[in-house]
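Letter by letter, the chains look like this.
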Amino acid sequence: MITHNPPRLLDLCCCAGGAGTGYRRAGFEVVGVDIVAQPRYPFTFHRADAIEFLTAHGHEFDAVHASPPCQEYTPLHALHPEKTYPDLVAATRDALEALGKPYVIENVMSAPLRKDRSITLCGGMFGLRTYRHRRFESNIGLRAPSHPAHVARTATSRRRERWAQGWHISVTGDVGRYVGPEAMGIDWMTGDELCQAIPPAYTHHIGRQLLTAINRDAVEVA
Ligand SMILES: C[S@@+](CC[C@H](N)C(=O)[O-])C[C@H]1O[C@@H](n2cnc3c(N)ncnc32)[C@H](O)[C@@H]1O
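A brief look at the structure comes next. This is a predicted model, so every value here is computed, not measured.

Focus: the overall build of the chain
And then number 1: Tallying secondary structure elements over the chain gives 8 helices and 11 strands in all.
And then number 2: Taking 2.2 N^0.38 as the reference for a compact globule, 222 residues should give roughly 17 Å; the C-alpha atoms of the chain span a radius of gyration of 17 Å, in line with that estimate.
And then number 3: Summarising its shape, the C-alpha atoms of the chain cover approximately 55 × 40 × 35 Å along the three principal directions.
And then number 4: A total of 222 residues make up the chain; the buried ones form 42% of that total.
And then number 5: Restricting to contacts in the chain with at least 6 residues of sequence separation, those with at least 24 account for 54%.

And the structure:
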């Protein structure tokens, strides 16, 4: 396999760059794609459909991360089945398998990710003030840190008050920017972007494993 130096990661459905920032910290050059303009995305950005961009440009990258929209798979949607949302996990996986590069697909716990190929990450593994479980499917055999017991109380209502009292927080809805640094490790997003984001600590952890997988039989080119 030939890799770029630094290795290049395509960050699909990137929003404001929570996942992308973790991959950057691991050592990747990161390029983001989202169907909506993302003025706070910290790296090179293209406004495009994720699967169309992947099909046209995936060969220019060493690894790919995708965070397809999760609304279709959430318990909230089960309460409002009349609403329709994109269901992109399977189509994204098909396009990534066709590309044949190391990949990661991230989503909520109830998304249709392959159980035999996925791990769960939790904020407690990284010292964050949110538990925020998310699943990561990959074709490289990811490993998760040990999962500490959830001992802190978590606020979903009266959140500012509970936050000030030292509780953890459920980052759902536009919770406000005040939770960003301690709960998510993010200080550049709006509250609405924060509630969609992956803590960079999660993808920093995964990015190091992707680099190992890429470099195992890589020939680096300048
Ligand atoms: C859950 S957010 C991603 C969060 C991001 N990974 C982070 O850590 O900050 C999902 C994103 O997918 C984008 N999206 C939805 N459909 C898309 C499509 N067809 N192509 C590209 N992006 C899409 C949405 O605009 C949204 O920003």
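Anyway, onward from the coordinates.
A few points about the site of the ligand
And then number 1: Contacts to the ligand come from 20 residues, most closely from Cys13, Cys15, Gly18, Ala50 and Ser67.
And then number 2: Residue composition of the shell around the ligand, by class: 14 nonpolar, 4 polar and 2 charged.

Some words on the packing of helix α1 (residues 18-26) against helix α8 (residues 200-215)
And then number 1: Relative orientation of the contacting elements α1 and α8 amounts to 45°, with a least axis distance of 7 Å. Taken as axis vectors, α1 and α8 run oblique relative to one another. Note that α1 runs across α8; the crossing there is right-handed. Facing α1, whose interface residues are Gly18, Ala19, Thr21, Gly22, Tyr23, Arg25 and Ala26, α8 presents Pro200, Ala201, Tyr202, Thr203, His204, Gly207, Arg208 and Leu211.
And then number 2: When grouped by side-chain class, the residues that make up the contact of α1 with α8 number 7 nonpolar, 6 polar and 2 charged.

Some remarks on α8
And then number 1: Across its 16 residues, α8 extends 22 Å between first and last C-alpha, which sits within 8% of the 22 Å expected from 1.5 Å per residue.
And then number 2: All of the buried residues in α8 are Pro200, Ala201, Tyr202, Thr203, His205, Ile206, Gly207, Leu210, Leu211 and Ile214.

With respect to the pairing of strand β8 (residues 134-138)
And then number 1: Among the 5 residues in β8, 4 count as buried, and that is most of the element.
And then number 2: The sheet contact formed by strand β6 (residues 103-107) and β8 spans 4 bridges and is antiparallel. Its bridge partner lying in β8, glutamate 106 is registered against phenylalanine 136.

Description of the sheet that holds strand β5 (residues 63-66)
And then number 1: Ordered by their spatial adjacency, 7 strands build an open sheet running β4-β3-β2-β5-β6-β8-β7, and the pairing between neighbours is mixed. Across the chains shown, the open sheet's two edge strands, defined by having one partner strand only, are β4 (44-47) and β7 (118-121). Direction aside, the axes of adjacent strands within the sheet are offset by 20° on average.
And then number 2: As paired strands, strand β2 (residues 8-12) and strand β3 (residues 29-34) are joined by 5 bridges and run parallel to one another.

Overview of unusual backbone geometry
And then number 1: The peptide bond linking asparagine 5 to proline 6 adopts the cis configuration, its omega dihedral lying at 0°.
And then number 2: For proline 6, the position within the fold is in the loop between β1 (2-4) and β2.
And then number 3: Positive phi outside glycine occurs at cysteine 13, with the angle close to 55°.
And then number 4: Backbone geometry places cysteine 15, a non-glycine residue, at a positive phi of 45°.
And then number 5: Position of cysteine 15 relative to the elements: it lies in the loop between β2 and α1.

Some details on the nonpolar core
And then number 1: Among the nonpolar cores identified, the biggest contains 52 residues, and Leu10, Leu12, Val64, Met184, Leu194 and Ala197 are the most heavily contacted of them.
And then number 2: Among the elements that make up this core, the one with the highest residue count is α8 (6 residues).
And then number 3: Among residues more than four places away in sequence, those in contact with leucine 12 are Val33, Ala50, Leu54, Val64, His65 and Ala66.

Looking at the packing of helix α2 (residues 50-57) against helix α4 (residues 89-99)
And then number 1: Viewed as axis vectors pointing N to C, α2 and α4 meet at an angle of 5°, and their least axial separation amounts to 10 Å. It follows from the interaxial angle that α2 and α4 lie roughly parallel. Of the residues in α4, those touching α2 at Ala50, Ile51, Leu54 and Thr55 are Ala91, Thr92, Ala95 and Leu99.
And then number 2: Residue classes in the contact of α2 with α4 are distributed as 6 nonpolar, 2 polar and no charged.

A closer look at α2
And then number 1: Those residues of α2 that fall on the buried side of the exposure criterion are Ala50, Ile51 and Leu54. Each buried residue of α2 lies within a common arc of 90° when the element is viewed along its axis, so the set occupies one face. Set apart from the buried face of α2 by more than 90 degrees, the exposed residues are Glu52 and Ala56.
And then number 2: Its buried side turned inward, α2 meets β2, β3, β5 and α4.

How each quantity is defined
- Residues numbered from 1 in each chain as written.
- Predicted model: local features only at pLDDT ≥ 70, side-chain atom pairs only at ≥ 80, totals over all residues.
- Helix = DSSP H or I, 4+ residues; strand = E, 2+ residues; numbered from the N terminus.
- Rg over C-alpha atoms; globule rule 2.2 N^0.38 Å.
- Buried ≥ 20, exposed ≤ 12 C-beta atoms within 10 Å, placed from the backbone.
- Contact = placed C-beta atoms within 7 Å.
- Near = placed C-beta within 6 Å.
- Nonpolar A, V, L, I, M, F, W, Y, C, P; charged D, E, K, R; others polar.
- Axes fitted to C-alpha atoms, helices over the stretch in contact; angles between N-to-C directions.
- Parallel < 35°, antiparallel > 145°, perpendicular 65-115°, else oblique.
- Left-handed = near helix turned anticlockwise from the far one by under 90°.
- Expected span 1.5 Å × (residues − 1).
- Pairing = 2+ DSSP bridges.
- Core = buried A, V, L, I, M, F, W, Y, C linked by C-beta atoms within 7 Å.
- Arc of directions from axis to C-beta.

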